[in-house]
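# A look at the structure
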Amino acid sequence: GLPTRRFLVFTRYDMRALASTRLFVLFFALSFAAPLVGAVLIYLHFNPLGLKVLEAGLNDLLPINGDFFLRFLIIQTTLGSLLTALVGPGLIAPDLANNALPLYLSRPIRKRDYIAGKLLVLIGMMSVLTWVPIMLLFALQSALQGWGWFAGNLRIAVGIMCCSALWIAVVSLLTLAISAWVRWRPIATLSVFGYFFVSSAMGAMVNEALDTEWGSVLIAVKLMRFLWSDFFGVPPLADALPAVVSVTALAVTSAVFLAMLVRRVRAFEVVRS
C-alpha cells in the first residue's frame, strides 16, 4: 500500500532535481562512452567485415575474458563513485541546515523511509552506471558466443553483480553519512575523497609497522581489488586477503556508515547551552 512506498517521495523529488541539472545530465550521458566502446569491441570479434574495414585482426583487439569485463567495470565504478561523491552531499545536508527533518519526520514518515528514499537515489544512479551496462556487455558476448561461453564464464557475471553491490553500499552509505554530519556541501564532498586517502594511509601504516597484511581491512579500494582477482581471474596481489575477509570488512564498513547515518537523522535538534 501507500505507506510502504512513502520513501519513494524523497527518491522521486531528488531524482527530478538532479535531472534538471544540465551538468549532471551531461556527465551522466558521457559516462556510457566506455560501455559503447566495449560493445563495439565485442561485436568486432564476430564481424570479419568490420575488422577488414578497420584493417585490424583479432589479435589487435582485447580478448573477451575476465580482464576485459574488469577493465570496463573499473572505469564505470570510478565514474559512478565520482558522481556519487559530487551528488550525495546535497541530499541530506540541506535538510539539516534548513532544519527540515523535524518537519518531514513529524508527518507519517519514519526515519527509515527518509533514509531509504535518499539511499535509493545513489543506489539507482550507481547501478545504472556500473553493473547494468557491464551485464549488458556480458549478455551481448553470451548471445554472440553461445551457451557454452555463458556457462563457462558465469563466475564473471556473479563477480560483476556482487562486487558492484558491495562497492555501491560502501560509497552510498559513506556519502550519505558524511552528508548528514557535515552540513557544508563543499567540505562534505572533500571529506568523501578524504576518507579514501586517510583510510589507505592508515592501512598502509598498520601493514608497515606490524609487518602484516591485515591493515588492508581498512582500505576499501584494496579489498575490492582482492575480490576482483577472485571473481575475474586476474593475477592476485601479493598481500591478498581471503575473499571472506574482504567481504566481511566491506560489510562492517557499510554497517558503521549506516549507524552514523541513523544516529544523525532524527526528528529533533539537540541544542547545547
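Look up: the structure comes first, before these words.
As a starting point, this report considers the structure included with it. (Residues numbered from 1 in each chain as written. Predicted model: local features only at pLDDT ≥ 70, side-chain atom pairs only at ≥ 80, totals over all residues. Heavy atoms only, no water.)

### Considering the nonpolar core
This is how the line gets drawn: Buried Ala, Val, Leu, Ile, Met, Phe, Trp, Tyr and Cys residues form a nonpolar core when they are joined through side-chain atoms within 4.5 Å. When accessible area is computed with a 1.4 Å probe and restricted to protein chains, residues below 20% of their type maximum are described as buried, those above 50% as exposed, and intermediate ones as partly exposed. Note on contacts: a residue pair qualifies if any of its non-hydrogen atoms lie within 4.5 Å across the two residues.
By size, the foremost hydrophobic cluster in this structure holds 66 residues, and its most contacted members are Phe69, Ile92, Tyr114, Met224, Phe232 and Leu250. Once you skip the residues sitting within four places of it in the chain, isoleucine 92 turns out to touch Tyr114, Lys118, Leu176, Ser179, Ala180 and Leu261.

### Remarks on the packing of helix α11 (residues 154–181) against helix α12 (residues 185–210)
The test is simple: Only the stretch in contact is used when a helix axis is fitted, and all axes are lines through C-alpha atoms; the angle between N-to-C directions ranges over 0 to 180 degrees. A helix here means a DSSP run of H or I that spans at least four residues, while a strand means a run of E at least two residues long, and both kinds are numbered starting from the N terminus. Angles are sorted into four bins: roughly parallel if under 35 degrees, roughly antiparallel if over 145, roughly perpendicular if 65 to 115, and oblique for all others. By convention, the crossing between two helices is left-handed when the near helix turns anticlockwise from the far helix through less than a right angle, and right-handed when the turn is clockwise. Gly is placed with the polar residues, together with every amino acid not listed as nonpolar (Ala, Val, Leu, Ile, Met, Phe, Trp, Tyr, Cys and Pro) or charged (Asp, Glu, Lys and Arg).
Between α11 and α12, the shortest axis-to-axis distance is 9 Å and the interhelical angle comes to 135 degrees. The pairing of α11 with α12 is recorded here as oblique in orientation. For α11 against α12, the interelement crossing comes out right-handed. Seen from α11, the contacting residues are Trp167, Val171, Leu174, Thr175 and Ile178; seen from α12, they are Ala188, Ser191, Val192, Tyr195 and Phe196. When grouped by side-chain class, the residues that make up the contact of α11 with α12 number 8 nonpolar, 2 polar and no charged.

### Here we look at the packing of aromatic side chains
Convention followed: Two rings from Phe, Tyr or Trp (for Trp, the six-membered ring) form a pair when their centres are within 6.5 Å of each other. A pair whose planes differ by under 30 degrees is stacked, one over 60 is edge-to-face, and the rest are tilted.
Per the counting criterion, the structure on display carries 13 aromatic pairs. With a centroid separation of 5.1 Å and 80 degrees between ring planes, the pair formed by phenylalanine 10 and tyrosine 114 is classed as edge-to-face. In this pair, phenylalanine 10 sits in helix α1 (residues 7–19) while tyrosine 114 sits in helix α8 (residues 111–129), placing the two residues 104 residues apart along the sequence. Aromatic side chains phenylalanine 138 and tryptophan 149 sit 5.1 Å apart centroid to centroid with 50 degrees between the ring planes, which places their arrangement in the tilted category. Of this pair, phenylalanine 138 sits in helix α9 (residues 131–145) while tryptophan 149 is found in helix α10 (residues 147–152), placing the two residues 11 residues apart along the sequence.

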